[in-house]
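A look at the structure
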Amino acid sequence: MSTVVMTGCATGIGASTRKALEAAGHKIIGIDIRDAEIIADLSTAQGRKQALAQALEQSGGMLDGLVLCAGLGAQFRPVGKVVSVNYFGAVELLDGLLPALQRGKAPAAVVISSVASAHLPWEKNPLAAAFESGDEAAAQAIVSAAGEQGGNLAYAGSKNGLTVAVRKRVTAWGQAGVRLNTIAPGATETPLLQAGLQDARFSESIAKFIPPMGRRAEPAEMASVIAFLMSAAASYVHGAQICVDGGIDAQMRPTQF
Ligand code: NAI
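Residues numbered from 1 in each chain as written. Predicted model: local features only at pLDDT ≥ 70, side-chain atom pairs only at ≥ 80, totals over all residues. Heavy atoms only, no water.

**Description of the packing of helix α1 (residues 12-23) against helix α10 (residues 219-229)**
Running from N to C, α1 and α10 cross one another at 50°; their axes reach a closest spacing of 8 Å. Of the possible angle classes, the one that applies to α1 and α10 is oblique. In this structure, α1 crosses over α10, and the sense of that crossing is right-handed. Facing Gly12, Ile13, Ser16, Thr17, Ala20 and Leu21 of α1, the residues of α10 in contact are Pro219, Ala220, Met222, Ala223, Ile226 and Ala227. Looking at the contact of α1 with α10 residue by residue, the classes come out as 9 nonpolar, 3 polar and no charged. (Axes fitted to C-alpha atoms, helices over the stretch in contact; angles between N-to-C directions. Helix = DSSP H or I, 4+ residues; strand = E, 2+ residues; numbered from the N terminus. Parallel < 35°, antiparallel > 145°, perpendicular 65-115°, else oblique. Left-handed = near helix turned anticlockwise from the far one by under 90°. Contact = heavy atoms within 4.5 Å. Nonpolar A, V, L, I, M, F, W, Y, C, P; charged D, E, K, R; others polar.)

**Concerning the packing of aromatic side chains**
In the structure shown here, the tally under the stated rule is 3 aromatic pairs. Taken together, a centroid distance of 4.9 Å and an interplanar angle of 80° make the contact between Tyr87 and Phe88 edge-to-face. Phe88 matches Tyr87 in its accessibility class, with the two residues each being buried. On the basis of an interplanar angle of 70° and a centroid distance of 5.8 Å, the ring pair of Phe88 and Phe131 is categorised as edge-to-face. Pair noted here: Phe88 is in helix α3 (residues 80-102) and Phe131 is in helix α4 (residues 128-132), with a separation of 43 residues, a long-range link. (Phe/Tyr/Trp six-rings, centres within 6.5 Å; stacked < 30°, edge-to-face > 60°. Buried < 20%, exposed > 50% of the residue type's maximum accessible area, 1.4 Å probe, protein only.)

**Some remarks on the site of the ligand**
With respect to spatial proximity, 29 residues lie near the ligand, and among them Thr11, Ile13, Asp32, Tyr155 and Thr190 are the closest. Separating an oxygen atom of the ligand from a backbone N or O atom of Gly12 is a distance of 3.4 Å. Between the ligand and Ile13, the relevant distance is 2.7 Å, taken from an oxygen atom to a main-chain nitrogen or oxygen of the residue. Look at the ligand: alone it shows 820 Å² of surface, and the protein chains cover 93% of it. Among the secondary structure elements, those contributing two or more residues to the shell around the ligand are α1, α6 (150-168) and α8 (191-197). Residue contributions to the shell around the ligand peak at 3 residues, all from α8. (Near = heavy atom within 4 Å. Polar contact = N/O pair within 3.5 Å; in protein donor to acceptor, adjacent residues only side chain to side chain. Areas by Shrake-Rupley, 256 points an atom, 1.4 Å probe, with all protein chains shown as cover.)

Shown next as structure tokens:
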């Protein structure tokens, strides 16, 4: 049986992915603020340190997989937590768990980014410098000072930074023998999406975000792609971002890919 650490396994895409991976025979060590083997708050440096220490302890320092699902939506306040969980909560776990993954069998990691990662290109991402230097306080200050735009900036900026961080690790992880990929979900029926729909600042834009397929995704439709990326069937897929979005990225950016 292989051992996989997962963040954000309590609800939504993460809960569905946990089920799919367990059905495929993986043992899951979940990290979340509730309903998980490791209860930790990934929005703080202390919480991330504790999550890493417990994940290494519970896995015996050897891991076959890592799935990073934990994330906060644009509506979440304080807005600084959105960059902390979505970017720092993922990147610190990636880096901290690479040595344990290197000791695993056919190891693979999947990071849940978003179609929003392409809405704010890296060259125009106001958070890029803070991410490059690992300056969490500076990133939080930028989104906090952005007023009404802070939520969208924090979400799109953190997801853009996350996909870039994964792509920049592709050489080191390839050489370490650990496959690393992202998925970019479109609108998916989860508590995060519901919270956005119930927030007057975001409800209209979310409601209008309907892809060519004419409906939003179910969490299981993300879980099946994540399970594929974690499996031997994806043995040559490395450094990819797979859009699982009903066609909305192609519709919005037909000439960019
Ligand atoms: P969700 O709200 O159902 O799940 C998020 C999970 O992260 C929950 O289990 C939650 O407890 C956990 N979490 C939140 N804050 C945390 C913290 N401080 N420390 C540890 N765990 C924490 O939302 P959903 O939609 O399943 O989101 C999963 C991922 O998918 C997120 O990264 C989200 O950004 C991404 N995504 C979701 C989309 C959607 O339309 N639902 C679209 C694109 C990306």
